[in-house]
Amino acid sequence: MTDPMKPGLPDPFRAGIAGGWTVVDASALERDLVLEADVAIVGTGAGGGTAAEILAQAGLRVILVEEGPLRTSRDFRMLEAEAYPDLYQESAARRTRDKAITIMQGRCVGGGTTVNWTSSFRTPGATLAYWARVYGLDGFSADALAPYFARMEAKLSIAPWEMAPNANNETLARGAAKIGIPAAAIRRNVKACWNLGYCGMGCPTNAKQSMLVTTLPAALERGATLVTRARAQAFGIERDRVGTLTCAAMDALGVHPTPRTITVRARAFVASGGAIGTPALLLRSRVPDPHGVIGKRTFLHPVVVSVARMPERVAAFAGAPQTVYSDHFLDTLPPDGPIGFKLEAPPIHPILGAITVPNYGAQHAQWMRELPNLQVVIALMRDGFHPDSPGGTVALRDDGTPVLDYPLTPYVWEGARRAFRAMAEIQFAAGATRVMPVHGDGAGYARWSDARSAIDGFALAPLSTPVVSAHVMGGCPLGDDPKGAVVDTAGRCHHLANLYVFDGSLFPTSIGANPQLSIYGIVAKLADGLATTLSAGMAGARRA
Amino acid sequence: MTTRRTFLVVGLAGGAALAAAYWLRAKRERGPVSAANAALAELDPEAPGILAAIIPVFLNGALPADPVDRAAAVAETVGSIARAVSGLPPSVQKELGELFSLLSLAPTRIAVARVASPWAEAGPDAIAAFLERWRTSRWRLLHSAYDALHQLVLAAWYGNPRAWAAIGYEGPPAHVS
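Chains are numbered independently. Their residues run from 1 in the order of the written sequence. Here the convention is simple: chains get letters from A, ligands get numbers from 1, in the order in which they are written. Residue-level local features of this predicted model are given only where pLDDT is at least 70; pairs of side-chain atoms are given and counted only at 80 or more, and the full residue set underlies all totals for whole chains, interfaces and linings.

A separate point is helix 4 (residues 67–86) of chain B. Secondary structure is summarised from DSSP: a helix means a run of H or I of at least four residues, a strand means a run of E of at least two, and numbering begins at the N terminus for each. One fewer than the residue count of a helix, multiplied by 1.5 Å, yields its expected span. Taking 1.5 Å per residue as the helical rise, helix 4 of chain B with its 20 residues ought to reach 28 Å, and the 29 Å between its terminal C-alpha atoms agrees with that figure. Turning to helix 4 of chain B, its buried residues number three or more, namely B:A73, B:V74, B:T77, B:V78, B:S80, B:I81, B:A82, B:A84 and B:V85. Looking at the buried positions of helix 4 of chain B, the neighbouring elements they touch are helix 3 (80–87) of chain A together with helix 2 (38–43), helix 3 (47–58), helix 5 (90–104) and helix 8 (140–158) of chain B. Three exposure classes are used, based on other C-beta atoms lying within 10 Å of a residue's own C-beta, which is placed from the backbone: buried for 20 or more, exposed for 12 or fewer, and partly exposed in between. Contacts are defined on C-beta atoms placed from the backbone: any two residues whose C-beta positions lie within 7 Å are in contact.

What follows is the structure, encoded as C-alpha cells:
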C-alpha cells in the first residue's frame with residue numbers, strides 16, 4: 001500500500017493493518033476492554049519490541065500496550081512542530097523535578113527507536129567488566145553477550161555508515177584529528193538510508209530499522225495484539241504473582257485519560273516502559289520493595305553542549321545526524337575515576353537550535369541567523385560508576401505520573417567543565433570563528449584562549465548551565481542480590497514470580513554509549529530465557 | 001550574601017504567591033477568547049495578552065519588520081504556544097497556569113515580576129528588564145519560569161515556516177513529503 005501523499009514510498013505497517021494485524025487505538029474505545037494472553041508487554045520500544053518478536057515466535061500469545069500513538073512513515077513529515085508533541089514524552093520537554101535537565105524520550109509505537117538518531121554501539125567492554133566486578137554480573141560479559149549483539153545487529157542491519165559524514169560530523173572528526181585524539185565512524189541501524197537527517201522526527205522512508213519496521217511487524221504477523229494510547233496504570237498483585245494489568249485509555253492527544261479501561265490477564269507480565277515509566281509503574285503497583293531500590297540509581301548520561309560558528313556552510317540539519325564519535329575522554333579514564341564523556345554531534349533543526357541557544361532578543365537572533373554555519377558538539381557523561389555519582393530517583397506525583405529527581409553533583413560539574421574545554425578546543429582546531437559553550441548568557445568567544453579562561457571561570461550550576469539527556473537508564477537494576485537489585489539475572493522481579501523487566505531500566509549503571517544496542521542485546525538474551533520458561537510451562541500444562 | 005536560609009524563605013514565599021495567584025485566577029471574569037487560544041486562556045484569561053507583550057521582546061531581531069507581518073507573526077506565535085500547551089501533561093499545564101496567574105495579577109506582577117504597568121502598556125525596556133532579572137535570578141523558581149517562557153516562545157516561532165527564510169533553513173526536503 002502506498003500513501004497518496006508519498007507516491008512510490010510503501011508504508012508496510014499500514015499495509016500490515018490492512019492485511020489483518022490486530023491493532024487497537026484505545027482513544028477510540030467506546031467500552032472497557034478485557035484481554036487475555038500468555039504475555040503482556042508494557043511498552044513497544046527497544047525492550048518491548050525485541051521481547052515481543054522473540055515471545056511471539058516462540059508461539060506465545062502476546063499483547064503489547066503502548067501509551068503513545070501509532071504513527072508510521074506516512075505521518076512523518078519531518079516537521080519538529082508536529083513530531084515533538086506527537087512522538088515524545090511531554091512534548092520533548094520532560095524535565096527533572098528541579099527543571100535543571102531536559103529529557104528527550106520517545107512516546108509512540110516503537111518508543112525511542114522511532115525517534116533516535118540511529119547510533120549503534122555494543123555495550124563497552126569497560127562497562128561490562130565493571131558490572132562483573134562490582135555487581136557479579138558474570139553472565140553479561142562481552143563474550144557472553146556477543147551472540148545476542150550479533151543477532152540483533154543482523155536483524156536491524158546495523159553496519160558501518162559508508163557515506164561521507166555530513167559537515168557537522170566531519171568537523172568533529174577534523175577537530176579531533178587536529179588535537180591528536182581518535183575519532184571513529186558510528187554504526188547505524190539503517191537500510192537504504194536516504195541521508196536526509198530527520199531521524200529524530202520519525203523516518204519518512206522506513207530506512208531506519210526501528211522496532212516500527214522490524215520486530216513489531218514480526219510479532220503482529222505472528223498474531224500479537226497491539227493496543228495504543230493505553231497508559232499502563234498498575235499491576236494487580238495476587239499473593240506472589242501479578243494477575244492483571246490495568247490500563248487507562250488516553251484521549252487522542254495523549255494528555256488526559258478517558259473513562260475507558262483496558263484490563264489484561266496473562267501468565268507473565270513484562271515491563272518495558274523505559275527507565276522512568278517502568279519504575280513508576282512498579283511504584284504505582286506497590287510491587288514489594290523491602291530494600292527500597294525501585295526507581296533509585298536512575299542515570300541520564302548528562303549532556304552539555306558547545307555551539308561553534310564555522311566560516312563555511314555546515315547545514316547540520318541535513319544528512320545522517322550522528323556518524324562520528326570520539327571516546328578519547330572515556331577510554332583514558334577508568335569508569336570509576338573522574339567522570340568520562342563521549343563526544344558526538346547532534347542534528348540542528350530550527351526548534352532544537354532555538355531552544356538550545358541561551359538568551360533572547362538580538363543576541364539570540366544573531367546566532368539563529370547563522371544557523372547554516374553552526375556546528376554543535378555534545379558531551380555525554382558516563383554517570384553511575386563513582387560513589388559521587390549515585391544518579392537520580394524516580395518518584396510519583398500526586399496524580400501518579402512520574403517525576404525524576406536528579407541532583408547534579410560537583411562530580412558531574414567537574415566533568416562538564418572538562419567537556420566544555422575539550423569541545424571548544426576541538427571546534428577551534430577545526431577552524432571555528434566563534435565558540436559558545438552553552439552556559440549563562442550564551443556568550444561566544446573568538447579565540448581558544450579566551451574561551452578557555454571563560455570556561456575555567458564559569459559558575460557551573462543547575463539552570464544556569466543547561467543540561468540535557470536522551471538516554472534514561474537504570475532504576476530497576478538486575479542482579480542476584482535483592483538488597484541492590486529489583487530483578488534477578490533472568491530479568492524476573494525478586495519478589496513476584498511472573499513479573500519481568502526488559503528495558504534500559506535493567507542497567508546497574510549508565511552504559512557509556514548510546515544505549516539502544518545494549519537494550520536489544522540484553523533483552524534478546526532475557527526474552528530467550530522467558531520464552532523457554534513459558535513454553536516449558538505450556539508443555540507441562542498439556543501433559544497434565 | 002544570600003544564605004541558604006534566606007533562599008529557602010524566599011522560595012517558600014514564592015511558592016505561596018504562585019499558589020495564591022493561581023487560586024485567585026478562578027475568581028476572575030473570563031473575557032472572550034479565540035478558539036485557537038482556548039488552551040492558554042484556560043491556564044489564565046490573561047495568558048494570551050501577556051505572551052503577546054513578551055514575544056516581541058524575546059524575538060527582537062527575529063520578527064519581520066513590516067508591522068502587518070509582525071503582528072501576524074506574534075499572533076501565530078501565541079497560537080502555536082496555545083497548541084503546545086494543550087499537548088502538555090496536566091501537571092505541567094498546572095505549573096504554567098500558576099506562572100501566568102502570577103504574571104497577570106497586579107500585586108504579584110508588581111511584587112514578583114516587578115513590572116509596574118499592565119502588560120499591554122509595559123514598554124519593551126520594562127519587559128526586557130523583567131526577562132533579564134528572571135534569567136539571572138538566583139531564585140530557582142524564577143529562573144526556571146524564565147526557561148519555560150524561553151522554550152515556549154522560541155519553539156513556537158522557529159517551528160513556524162515563516163521564520164525559516166531569515167535563518168537560511170529551507171525546510172524539509174520536498175521530494176520526500
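All right, on to the nonpolar core then. Think of a nonpolar core as buried Ala, Val, Leu, Ile, Met, Phe, Trp, Tyr and Cys residues, each tied to the set through C-beta atoms within 7 Å. Core analysis: the biggest nonpolar cluster contains 242 residues, and A:V39, A:L55, A:V62, A:F269 and B:V153 have the highest contact counts within it. Leave out the neighbours within four places in its chain, and A:V62 touches A:A37, A:D38, A:V39, A:I41, A:A52, A:L55, A:A56, A:A219 and A:A224.

Here the focus is the sheet that holds strand 11 (residues 187–189) of chain A. By definition, the strands of a sheet pair up through backbone hydrogen bonds, in either a parallel or an antiparallel sense. Residues and elements named next belong to chain A. Strand pairing requires that DSSP identify at least two bridges connecting the strands. As summarised here, the arrangement of the three strands in space is 8-11-9, forming an open sheet in which the pairing is antiparallel. Lying at the two open borders of the sheet, with one neighbouring strand each, are strand 8 (119–120) and strand 9 (158–160). Note that strand 8 and strand 11 share two bridges and pair antiparallel. Within strand 11, the residue paired with S120 across the bridge is R187.

Time to look at unusual backbone geometry. One non-glycine residue with positive phi stands out, namely A:S157, at about 55°. Looking at where A:S157 falls in the secondary structure, it is placed in the loop between helix 6 (142–155) and strand 9.

Moving on: the interface of chain B and chain A. Counting residues at the interface gives 35 residues for chain B and 36 residues for chain A. Of all the secondary structure elements, the ones that give two or more residues to the side of chain B that touches chain A are helix 3, helix 4, helix 5, helix 7 (124–135) and helix 8 of chain B. With nine residues, helix 8 of chain B is the single largest residue contributor to the side of chain B that touches chain A.

With that settled, consider the pairing of strand 22 (residues 402–405) of chain A. Residue and element names in this part refer to chain A. Side chains P402 and L404 of strand 22 all project onto a buried face; the interleaved residues V403 and D405 project onto a face where none is buried. Sheet analysis places strand 21 (residues 393–396) next to strand 22, joined by four bridges and oriented antiparallel. The residue bridging T393 from the neighbouring strand is D405, located in strand 22. What sits between strand 21 and strand 22 in their antiparallel hairpin is a turn of five residues, with G400 showing a positive phi close to 85°.

Turning next to the environment of A:P402. Residue and element names in this part refer to chain A. With respect to the helices and strands, the residue P402 is situated in strand 22. The class of P402 is buried, set by 22 C-beta atoms lying within 10 Å. A sequence separation of 118 residues divides P402 from R284, and the C-alpha atoms of the two residues are 9.5 Å apart. Those residues within four positions of P402 in sequence are excluded, and the remaining contacts are I276, G277, A280, V394 and L396.

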